[in-house]
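Topology and contacts: notes
The residues making up each chain are set out below.
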Amino acid sequence: MHPIVRGQIGSNRATSLSPRFGWRQFQRLLVLFFPLSCLPQSGASQCVGIASTPQAAADCAAHGIPQGIVVPVDTAHTYSLAELIDLAERNNPRTRITWERARQRAADLGIAKSSYYPLLAGQAAFADQRIINPFPKPLAPRGYTMIEIPAVVPMVTLEYLIFDFGKRGAQVDAATAEKLAAGANFIQANQNVAFSVASAFYQLLTRQERLAAAEATLKTAQTTADAAEFQLRNGRSTLPDVLNARAEAAQAIFDRESADGDEKIARVALTEAVGVEPSPNIAIDAANAAPLPSALVSSIDALIDRAIADRPDLAAQAAEIRAADDVIRAARAEYWPKIALQGSAAQTSIWPTTDYGQLGNASQTTWSAALAIQWRIFDGGERKNEVAKAESKKREVQDEMREKRDQATRQVWTAYIAFRTALRKEQAAVALLDSASASYSASLDAYKYGVKNLIDVVTAERQLAQARLSSVSARSQLFLEAVDLEFVTGNLLRTGPPATTTSSPSIPAVPAPPPSTPPSSTPPQDGRQR
């Protein structure tokens, strides 16, 4: 993790588990390359510092209790990226869903382990029955007697599975693997939410800088129009030149309004990613002086190895493969017998009556005990099909693992190439903006002195506007590609070493427009004709 980030994110602890499931550890690991302010105390949780692995995540989800309240956005507060991620992990429905699934898998493990314990049950029967009791003549004139037997029988039963040839162990192992998979999916969901918020944040940052670029272009266009009108008043320009300059200024106003609308839409998208009611009423810390990513630290091979080892989705898939193996073991154990201990104890009380003779009442303790062996000999192919199904499931998850590994490798290659490209584009954009600024200033000065015509100035003005937009896009894209590189290698929100280094604080993406030089009616002193 970048030292810039590590020093900015606090390690606060609190006693409540937020619905973002306690990933303050995640927030200490976020690699976003510009200063992040300390997270608020209310964002901490019971999982601080321990939920950095699938096992810890699953355990935390099993015992923590989430808050059910969606935390709103404070419109008067300027949010840093770390604060927005903290808010999203509490509010985003996806983190809540995966948290509940992790709790369910933990409950499944508890259910599987319960099979190792005896089943003890209590019951009470209140009964009355009337039966025909055959009885020989002449002891019974009719050859039978009618007997009615009211009874009260409180009873305790015990059933204890002693041995099942490994079925229970396989079921517990499968449930443990599923629990780990749920923990890994929980981590992945938090990474997805963090990346989604970071993407929306940088999209908004790009729109804000585009708006600033559009405003700077508008000032440039107004400067050009003022120069054209001054030249017209001094008889050194024509009305078509002035109208052309005014048209460029009107186009700049149009572009500025479009950029303003796009910026508001980006605000709405950011609030949606955070998990609150979509609205443009949110303010962010633009951090224009943030240090830019400057170089890759790791080779492509090292990045791919890190992705294979650290990505939560691959860890979850590996756990699914282990669970499939355990399901096969459990299915094969059905071919073997089960040995169980069964017993019961009751206090049986009866008050029988008969229509011939007399019966006595009784209230006695009764009990039974048995060691039972159950072995299914024929089941119509059920066990065979269960084994075939489990083996097919294993092949399925193995193929999914291969697909995900290939996908991870492709994503790392894509992010690696995209970062290197973004780095070169940002460097080129800086040079382009410097050149375009100098070209426009020189063209405007030359036009004021009558050396160049307005077409040259308008051309330089358009080039400057395009250079500003290119600089804005390149700078924001470089930040986003650096975050994407951490995301696809599984290092987002983790403490691993970053894949990139940062340079000194960057210059603003859109410099202020060049100052306007007051026009002069005096010709230049180098002998050139106006």
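Keep in mind the model is a prediction, meaning the values are calculated, not measured. (Residues numbered from 1 in each chain as written. Predicted model: local features only at pLDDT ≥ 70, side-chain atom pairs only at ≥ 80, totals over all residues. Heavy atoms only, no water.)

Observations regarding the overall build of the chain
Check the secondary structure of the chain and you find 11 helices and nine strands. Counting all 530 residues of the chain, 43% fall into the buried class. Long-range pairs, those at least 24 residues apart, make up 83% of the contacts in the chain between residues at least 6 apart in sequence. (Helix = DSSP H or I, 4+ residues; strand = E, 2+ residues; numbered from the N terminus. Buried < 20%, exposed > 50% of the residue type's maximum accessible area, 1.4 Å probe, protein only. Contact = heavy atoms within 4.5 Å.)

A look at the pattern of salt bridges
A full pass over the atoms with the stated rule returns 24 salt bridges. Linking D164 and R168 is a salt bridge whose minimum nitrogen-to-oxygen distance equals 3.3 Å. R168 shares its class with D164; the two are buried. R329 is the partner of D326 in a salt bridge, and the nearest nitrogen-oxygen pair spans 2.9 Å. Of the two residues, D326 and R329 are both situated in helix α9 (residues 312–333); the distance of three residues between them amounts to about one turn of the helix. Judged by its relative accessible area of 38%, R329 is partly exposed. (Salt bridge = Lys/Arg side-chain N within 4 Å of Asp/Glu carboxyl O.)

Describing a nonpolar patch on the surface
Judged by side-chain polarity, L120, V156, L158, Y160, I162, F163, F165, Y335, W336, L341, L371 and W375 come together as a nonpolar surface patch covering roughly 1200 Å² of accessible area. When residues of the nonpolar patch are assigned to their parent elements, the largest contribution, five residues, is made by strand β3 (residues 144–163). The topology assignment puts L371 in strand β8 (residues 362–374). (Patch = residues over 30% accessible without salt bridge, like charges linked within 9 Å, V, L, I, M, F, W, Y side chains within 5 Å. Areas by Shrake-Rupley, 256 points an atom, 1.4 Å probe, with all protein chains shown as cover.)

Things to note about the packing of helix α7 (residues 239–274) against helix α11 (residues 454–488)
One way to put it is that α7 packs onto α11 with a least axis distance of 10 Å and a crossing angle of 10 degrees. Our classification of the angle between α7 and α11 gives roughly parallel. The residues of α11 that touch α7, namely those facing D241, V242, N244, A245 and E248, are L454, V458, E461 and R462. Grouping the constituent residues of the contact of α7 with α11 by class yields four nonpolar, one polar and four charged. (Axes fitted to C-alpha atoms, helices over the stretch in contact; angles between N-to-C directions. Parallel < 35°, antiparallel > 145°, perpendicular 65-115°, else oblique. Nonpolar A, V, L, I, M, F, W, Y, C, P; charged D, E, K, R; others polar.)

Remarks on the confidence of the model for the chain
Per-residue pLDDT for the chain has a mean of 80; in total, 82% of the residues score no lower than 70. Segment residues 1–50 is flagged for pLDDT under 50; beyond a separation of four residues in sequence, or across chains, it makes 188 contacts in the model. The model gives residues 507–530 a pLDDT under 50, and that stretch makes 42 contacts with residues more than four places away or in other chains. (pLDDT = per-residue confidence, 0-100.)

Quick notes on the packing of helix α8 (residues 300–310) against helix α10 (residues 382–448)
Contact geometry of α8 with α10 gives a least axis separation of 10 Å together with a crossing angle of 140 degrees. Classified by the interaxial angle, the pair formed by α8 and α10 is oblique. Of the two possible hands of crossing, α8 and α10 adopt the one that is right-handed. Of α10, the residues touching α8 (which contributes I300, L303, I304, A307 and I308) are R405, T409, V412, W413 and Y416. Residue classes in the contact of α8 with α10 are distributed as eight nonpolar, one polar and one charged. (Left-handed = near helix turned anticlockwise from the far one by under 90°.)

Topic: the environment of K448
Within the secondary structure layout, K448 lies in helix α10. In this structure the C-alpha to C-alpha distance between K448 and A227, which are 221 residues apart in sequence, comes to 6.8 Å.

Side note on α10
If you check α10, its first and last C-alpha atoms are 93 Å apart, about what 67 residues at 1.5 Å a residue would give, namely 99 Å. Following α10 by one or two positions, G450 adopts a phi angle in the positive range, close to 80 degrees. (Expected span 1.5 Å × (residues − 1).)

Topic: α11
For α11, built from 35 residues, the straight-helix expectation of 51 Å at 1.5 Å per residue is met to within 8% by its first-to-last C-alpha distance of 50 Å. Counting buried positions along α11 yields 25 of 35 residues, so the element is predominantly enclosed. Trailing α11 by a residue or two, G490 shows a phi angle of about 80 degrees, which is positive.

Thoughts on the environment of T78
Assignment of secondary structure puts T78 in strand β1 (residues 78–79). Sequence separation of T78 and A286 is 208 residues, and the distance between their C-alpha atoms is 9.4 Å.

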